[in-house]
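Observations on chain architecture
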Number of protein chains: 2
Amino acid sequence: MQYHLDRVSTGDPAISQPSGAIHGATDAVDVLIVGCGPAGLTLAAQLAQFPDISTRIFESKSGPLEIGQADGIACRSVEMFEAFGFAEKVLKEAYWVNEVAFWRPNENGTGLRRADRIQDVEDDLSEMPHVILSQARVHDFYLEIMRNSASRLEPDYSRELIGLTTDPGADYPTTATFRGPNGETEIIRARYVVGCDGARSKVRKAMGHDLKGEAARQLWGVMDILAITDFPDIRLKAAIQSADQGSILIIPREGGYLVRLYIELDTLQGDERAADRGVTSEMLIAKAGDILAPYTLDVKEVAWWSAYEIGQRVCDAFDDVPDTERSFRTPRVFIAGDACHTHSPKAGQGMNVSMADTFNLGWKLAAVLRKQAAPSLLHTYSEERCAKAKELIDFDRDMARLFSVKPKNEIEAEQFQSYFKKHGRYTAGVETRYDPSLITASDEFQHLAAGMKVGMRFHSAPVVRLGDGKPMELGHTIKADGRWRLIAFAGAGDNGQSGGRIASLCHYLEQDPRSPVTKYTPSGSNIDAVIDVRAVFQSSHREIALEALPHLLLPAKGRYGLLDYEKAFCPNHKSGPDIFDQRGIDRQSGAIVIVRPDQFIAKIQPLEDHSGLERYFDEFMIST
Amino acid sequence: MQYHLDRVSTGDPAISQPSGAIHGATDAVDVLIVGCGPAGLTLAAQLAQFPDISTRIFESKSGPLEIGQADGIACRSVEMFEAFGFAEKVLKEAYWVNEVAFWRPNENGTGLRRADRIQDVEDDLSEMPHVILSQARVHDFYLEIMRNSASRLEPDYSRELIGLTTDPGADYPTTATFRGPNGETEIIRARYVVGCDGARSKVRKAMGHDLKGEAARQLWGVMDILAITDFPDIRLKAAIQSADQGSILIIPREGGYLVRLYIELDTLQGDERAADRGVTSEMLIAKAGDILAPYTLDVKEVAWWSAYEIGQRVCDAFDDVPDTERSFRTPRVFIAGDACHTHSPKAGQGMNVSMADTFNLGWKLAAVLRKQAAPSLLHTYSEERCAKAKELIDFDRDMARLFSVKPKNEIEAEQFQSYFKKHGRYTAGVETRYDPSLITASDEFQHLAAGMKVGMRFHSAPVVRLGDGKPMELGHTIKADGRWRLIAFAGAGDNGQSGGRIASLCHYLEQDPRSPVTKYTPSGSNIDAVIDVRAVFQSSHREIALEALPHLLLPAKGRYGLLDYEKAFCPNHKSGPDIFDQRGIDRQSGAIVIVRPDQFIAKIQPLEDHSGLERYFDEFMIST
Ligand SMILES: Cc1cc2nc3c(=O)[nH]c(=O)nc-3n(C[C@H](O)[C@H](O)[C@H](O)COP(=O)(O)OP(=O)(O)OC[C@H]3O[C@@H](n4cnc5c(N)ncnc54)[C@H](O)[C@@H]3O)c2cc1C
Ligand SMILES: Cc1cc2nc3c(=O)[nH]c(=O)nc-3n(C[C@H](O)[C@H](O)[C@H](O)COP(=O)(O)OP(=O)(O)OC[C@H]3O[C@@H](n4cnc5c(N)ncnc54)[C@H](O)[C@@H]3O)c2cc1C
């Protein structure tokens, strides 16, 4: 955490000074968000970082969520929480998924036995664990980030969207109508509207989009309970397939006692809907007991429960621009999260994918509204996230089918387990890979950093910060602040000394009028305000002379021109293989890794390829 | 964190339900604390955990500290913060002291050169780092713990203690008089008074105690600044001894830019006091510049500064019982922190030792007030902490002298460095060792756990929790909740199965009317309410059958009788040597480690020595 740059202030450094412009009551805003679920709150927390953008977020419920809904938080989401600054709170409260147990009937077809027990997340998949925490607490943390931001953003509750129209020519091209707490209507005009309003999204309907796909007719129940059982793996994630009673997924919950059960119910017939079955919590308890037999299950309290059918559905596009108009018009209305894709909760993706949607969208909206990037950047949101949603739907369909089909024999049961293992990377959220596009370069130079995949999220690794010798994660320098990162990995023998490639790169970036740093940084701003340049050297931190670093790696910032000592890093030799080995960086030539504000790798290229940097950014950035 | 035991509740689990009895306005209390410094707040946060104890804390200032004073937080203090539940907040905000640099003049006697650079804290000294954070923020975290406790304890500000009398026979034997915000007097009667009122303690004076020792006549200045310098180690802790301008200690501060300088000024003459010198911040800046030359120092903002003389002083006793009366009377008034010892800030001990004082006292007061322990337990506070204060004073005197003496040559300068290194363990706060006493056993069985020293703090090590496979620190199970821990390390081949030594121990503890668990646990309370039994096995967590564990390691708790799955642990084979090797536990015989509520090891003994357990506790515990 960096603070005290412009003055020494007292109190909690996470609470920003309120900005002059608090946009609370205005009815014409830059961005209007509909819905306070994980998608809406991720976007609101992101936009709240920019007090120059006016944002409002409306929610039909009368206050924050208190209980229920999703609870699975993939490694990738915890990485994102770190960027927002609340990962440590989630890690403290959450249940950590360390292992998964698989239970099946005994060889003779009766009872249950533990068939396997595996590590949930493979080593070095992420520096963050896979955890379980009530969605309500995730909401709370986002709300706190918003409240502490310079924008002091707070949701407007008890406001239901009832209409949305667009007038492309107007200054505020969208007009949204809400019904307020007393039935009154409230009209908000916005430059952009983002529908994060869940599976029955009004925003989606206003755009004329449909969720497409078929509902699998499998009925499932879910309940959060306090219970006593002699089933030994009750504090492990456990997939249990009984001989003829169906299957259960056990998800232990935060706090040491609470547990969630996903329980297989019947197949729905014809036009039947989940609600028609009149499912009750008593039915769920009875069914769970049958599946778990011969183990006992004595339920003491049901904190929350629900019954639903699994359906895999997705929208064709996540914005309001038809394919035929994409070349001449940019989007004004977006949808994100459950509004554009629904799937079973089995792989625990609901909350995660929804947050990933708006983490992708947030920085793009901010860049366009702050006039850093051309509006065409906004096309990449639907392109990128719609493709990923389709992948998820396919994955989820396979997964749900496998889960519901009774394994006929050992071989089929093992198939399920091996599928489950194989997809650990996928469900951890770290397999997302965007195709080459306006903002994702080809893999031409992938060989320079084989373990940092272009189009995938920047995979953190341990380093030591040169200035103060602090052992830390390199990825944790990438905060959700809308900035780009150029991470320069030095070639062999380059300690930043004058004449070396790092020094030349820094000199170019800081001095050359064609460099992206000089071109896109507004005058008067800190040199790292738009593009944050960092370097990683191969020598250990005691071997490098800080005073010989190029100026850009010790930049003078703020009203006093204080030096920022947090730009240069070295390998951490205590934590295992060094970062160059761990991430396959070419030790001879080094590399530049361009990282997007949402932590995805946009491009890898040689250190000396200055024009490559210009070509990349010139596609969509606007010079100041 | 364990919660949801008696019901599933929503919101932040760190915020306890308010207890029926909120003691805010009462004028007769169990414990009256005077002074809201680190000593007073540690005690208040500890007592706030027990809503059945009424506590008030009075402070003469009008509100919380905002800036200045101490900033060094030793590893041991961070361990204690973990027990209070806010270590992660400190770790996030603080500067981490990773290395120390030593600077001296060049061989020819001019300028400055880096003579050495060493790791600040040796490996495996603590699982926690040495950090630097404003004392004001530490206060804030304690205040938050108090506010969130069931007691909802808040300080009463603007209340200055002006008188204190004791009447040993009365129900509330002490009467304290305060001057309130408008000059009015307020009278509070208390069973116990703890003077945490700093170096000029009124409570100390009321007891008739004096600080003894001589003031070293060295004048020092300290300032927290924002500055630009070309001195390369400005973000490292750095001790600089110039050729003839004196010395400086650089302490980088939280946030990346702020830095504290401790600057040597002149020796005071005769009766002269620090104030007589008319020190100004300009003088400090000029002096610092001279010492740092030829490096530049351009100070942009002085956030806080102070000038003081170093004195090493300590009281003879920390309570109100003269030695001659110790056999027939127990203490009613205590002093803690700067009220009983003062020393230079050079070794960064002020805040740390003050907090350690009241962490030692807090659980003892609670145990006596809750009728778990005999009042004679209270004698051990002064015994233990006064001895440690005297050690500190001696250490500090040596340290301050070495720091102030101009090294005549390389050899003397190196002496300072080697002294500094040798005392790293001491300043980390982990060398504190209490002598054998009522509550500290002899080292008769030390060989059973060579790396867990009787009388020293329980040194954490990595383990895996059996129930959920979570990799974690064993020491982090020891919370500041006033409970004792019996940690049973299993002998070879013992997986908790029936007939083994762990099972026999658990059976004895749970069933035998003579066992400390049955004897001291009030009926109706959870079985771990007073003594929390945990076991560490030698087998890896996948090799142990949870269902075969003795009942005491899967205890039924709370109103539903839910099972607690967090009592059994296994080695963590991924994190280096396993805990048995790391802490020298006898693999053949195993051992019991009795840990006090303040995390100190009270006794080590064989697993099968049941009567040894009884003898230990029977000395001071009261059976229910
Ligand atoms: C009842 C329920 C149970 C669930 N159970 C599970 C589970 O067991 N496991 C799992 O993994 N996932 C579960 N999910 C799914 C998971 O919660 C979602 O995938 C995730 O919340 C998606 O986030 P989102 O922000 O896209 O949408 P949501 O979280 O659905 O948020 C949408 C928000 O928009 C608001 N809204 C809707 N319409 C309007 C309007 N017209 N005007 C204003 N506001 C509006 C809603 O009130 C809601 O707060 C459940 C969802 C629900 C609703
Ligand atoms: C001005 C100053 C500068 C310091 N600078 C450094 C430094 O640079 N480095 C360092 O390591 N340490 C420094 N210290 C020392 C460090 O702050 C102390 O060692 C530490 O705070 C001791 O904690 P304590 O709780 O025992 O006492 P204190 O923190 O002194 O707290 C005592 C509290 O009691 C209150 N009080 C006093 N008398 C009364 C009364 N009659 N009635 C009610 N309340 C009363 C005081 O207002 C104060 O809040 C400094 C201390 C001071 C006062």
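Residues numbered from 1 in each chain as written. Chains lettered and ligands numbered in written order. Predicted model: local features only at pLDDT ≥ 70, side-chain atom pairs only at ≥ 80, totals over all residues. Heavy atoms only, no water.

With that out of the way, let us pick up helix H4 (residues 135–148) of chain A. Residues and elements named next belong to chain A. In this model, H4 (14 residues) spans 20 Å end to end at C-alpha, consistent with the 20 Å of a helix rising 1.5 Å per residue. Of all 14 residues that make up H4, eleven are buried, and the element is covered over most of its length. Those residues of H4 not exposed but buried are Gln135, Ala136, Arg137, Val138, His139, Phe141, Tyr142, Leu143, Ile145, Met146 and Asn148. The inward-facing, buried residues of H4 contact helix H1 (38–47), strand S2 (55–58), strand S3 (72–73), helix H2 (75–84), helix H3 (87–93) and helix H7 (350–369). (Helix = DSSP H or I, 4+ residues; strand = E, 2+ residues; numbered from the N terminus. Expected span 1.5 Å × (residues − 1). Buried < 20%, exposed > 50% of the residue type's maximum accessible area, 1.4 Å probe, protein only. Contact = heavy atoms within 4.5 Å.)

A complete count under the given rule lists 118 salt bridges over all chains for this structure. Its salt-bridge partner being Asp512(A), residue Arg514(A) comes within 2.8 Å of it at the nearest N-O pair. Owing to a relative accessible area of 52%, Arg514(A) belongs among the exposed residues under this scheme. In this structure, the salt-bridge partner of Lys364(B) is Glu384(B), at a minimum N-O distance of 2.9 Å. Of the two residues, Lys364(B) is situated in helix H7 (residues 350–369) and Glu384(B) in helix H8 (residues 379–404); the sequence distance between them amounts to 20 residues. The burial state of Lys364(B) is the same as that of Glu384(B); both residues are buried. (Salt bridge = Lys/Arg side-chain N within 4 Å of Asp/Glu carboxyl O.)

Attention now moves to the relation of the copies chain B and chain A. For the match of chain B to chain A, the screw axis carries a shift of 0.0 Å, the RMSD comes to 0.0 Å, and the turn is 180°. Those values place the two copies in the arrangement expected of a two-fold rotation axis. Identified as the residue of chain B closest to the rotation axis by C-alpha distance is Glu88(B), at 3.5 Å. Same-surface contact between copies: 100% of interface residues of chain B are shared with the interface of chain A. (Least-squares fit on C-alpha atoms with pLDDT ≥ 70 in both.)

This paragraph deals with unusual backbone geometry. Here the amide bond leading from Ala293(A) into Pro294(A) is cis, since omega sits at 10°, within 30 degrees of zero. Residue position: Pro294(A) is located in the loop between helix H6 (281–292) and strand S15 (297–311). With a phi angle near 50°, Arg152(A) is a residue other than glycine that sits in the positive phi range. In this structure, Ser158(B) is a non-glycine residue whose phi angle is positive, near 55°.

Residues and elements named next belong to chain A. Across the sheet, seven strands lie side by side as S20-S19-S25-S22-S21-S26-S27; this open sheet has mixed pairing. Of all strands in the sheet, those with a lone pairing partner are strand S20 (471–473) and strand S27 (601–605), marking the two edges. The mean angle between the axes of side-by-side strands here comes to 30°, regardless of whether they run parallel or antiparallel. The pairing of strand S22 (residues 531–536) with strand S25 (residues 568–571) spans two bridges and is parallel. Bridge pairing in S25 places Val536 opposite Phe569. Sheet strands in contact with helix H14 (residues 610–618) are strand S21 (484–489), S22, strand S26 (591–595) and S27, and its direction is about 160° off that of S27. (Pairing = 2+ DSSP bridges. Axes fitted to C-alpha atoms, helices over the stretch in contact; angles between N-to-C directions.)

For the rest of this paragraph, the subject is the packing of aromatic side chains. Residues and elements named next belong to chain A. Scanning the entire structure with this criterion turns up 48 aromatic pairs over all chains. With a centroid separation of 5.1 Å and 80° between ring planes, the pair formed by Phe86 and Tyr142 is classed as edge-to-face. Placement of the pair is Phe86 in the loop between H2 and H3 and Tyr142 in helix H4, with a sequence separation of 56 residues. Owing to a relative accessible area of 0%, Tyr142 belongs among the buried residues under this scheme. Here Tyr434 and Phe600 contribute two aromatic rings whose centre-to-centre distance is 4.8 Å and whose plane-to-plane angle is 40°, an arrangement assigned as tilted. (Phe/Tyr/Trp six-rings, centres within 6.5 Å; stacked < 30°, edge-to-face > 60°.)

Summarising the element assignment, Thr229(A) is placed in strand S11 (residues 215–229). Only 2.9 Å separates the side chain of Thr229(A) from the backbone nitrogen of Phe231(A), close enough to count as a polar contact. A distance of 2.6 Å separates a polar side-chain atom of Thr229(A) from the backbone oxygen of Thr296(A). Those residues in contact with Thr229(A) that lie beyond four places of it in its chain are Ile234(A), Thr296(A), Leu297(A), Leu563(B) and Tyr565(B). (Polar contact = N/O pair within 3.5 Å; in protein donor to acceptor, adjacent residues only side chain to side chain.)

Each strand in a sheet pairs with its neighbour through backbone hydrogen bonds, running either in the same direction (parallel) or in the opposite one (antiparallel). All names here are of chain B. Taken together, the three strands give an open sheet; going across it, the order is S3-S7-S4, and neighbouring strands pair in antiparallel fashion. Each edge of the open sheet is held by one strand with a lone partner, namely strand S3 (72–73) and strand S4 (95–97). Sheet analysis places S4 next to strand S7 (residues 130–132), joined by three bridges and oriented antiparallel. Across the sheet, the residue bridging to Val97 is His130, located in S7.

Let's shift gears to the site of ligand 2. Residues and elements named next belong to chain B. Around ligand 2 lies a shell of 29 residues, among which Glu59, Gln135, Leu161, Tyr262 and Asp338 are the nearest. Between Gln69 and ligand 2, the recorded distance is 3.1 Å, taken from a side-chain N or O atom to an oxygen atom. Within the contact set of ligand 2, an oxygen atom lies 2.8 Å away from a side-chain nitrogen or oxygen of Gln135. Protein burial of ligand 2: of its 960 Å² of free accessible surface, 81% is covered by the chains. (Near = heavy atom within 4 Å. Areas by Shrake-Rupley, 256 points an atom, 1.4 Å probe, with all protein chains shown as cover.)

Turning to the interface of chain B and chain A, a few remarks are in order. With 66 residues of chain B at the interface, the matching set in chain A holds 66 residues. Of all residues in chain B, Lys92(B), Tyr257(B) and Arg542(B) give up the largest surface area on contact with chain A, accounting jointly for 13% of the area buried on that side. Counting every contact that joins chain B to chain A gives ten salt bridges. Put simply, Lys574(B) and Asp123(A) hold a salt bridge, and the shortest N to O gap is 2.9 Å. (Buried area = accessible area lost by both parts, 1.4 Å probe.)

Look at the UniProt record and you will see "domain: Phenol hydroxylase-like C-terminal dimerisation" (unreviewed entry) annotated at residues 432–623 of chain A. Counted over residues 432–623 of chain A, helix gives 15% and strand 19%. Its end C-alpha atoms are 31 Å apart. (UniProt positions renumbered as here; feature names shortened; annotations may be inferred.)

The description of two packed helices rests on the angle between their axes and on the distance between the axes. All names here are of chain A. At a minimum axis separation of 9 Å, H1 and H4 run at an interaxial angle of 20°. Taken together, the axes of H1 and H4 lie roughly parallel to each other. Handedness of the crossing formed by H1 with H4: left-handed. Judged by residue contacts, Pro38, Leu41, Thr42, Ala44 and Ala45 of H1 engage Gln135, His139, Tyr142, Leu143, Ile145 and Met146 from H4. Here the residues of the contact of H1 with H4 are counted per class, giving eight nonpolar, three polar and no charged. (Parallel < 35°, antiparallel > 145°, perpendicular 65-115°, else oblique. Left-handed = near helix turned anticlockwise from the far one by under 90°. Nonpolar A, V, L, I, M, F, W, Y, C, P; charged D, E, K, R; others polar.)

Turning to the site of ligand 1, a few remarks are in order. Residue and element names in this part refer to chain A. Every one of the 29 residues lining ligand 1 counts as a neighbour, but Glu59, Gln135, Leu161, Tyr262 and Asp338 are closest to it. In this structure, Ala39 approaches ligand 1 through a main-chain N or O atom, which is 2.9 Å from an oxygen atom. For ligand 1, a nitrogen atom lies 3.1 Å from a polar atom in the backbone of Ser60. Burial of ligand 1 by the protein amounts to 81% of the accessible area it has alone, namely 960 Å². Looking at the shell around ligand 1, the elements with two or more residues in it are H1, strand S8 (160–166), strand S14 (259–267) and H7. Counting residues per element, the shell around ligand 1 draws most heavily on H7, which supplies three residues.

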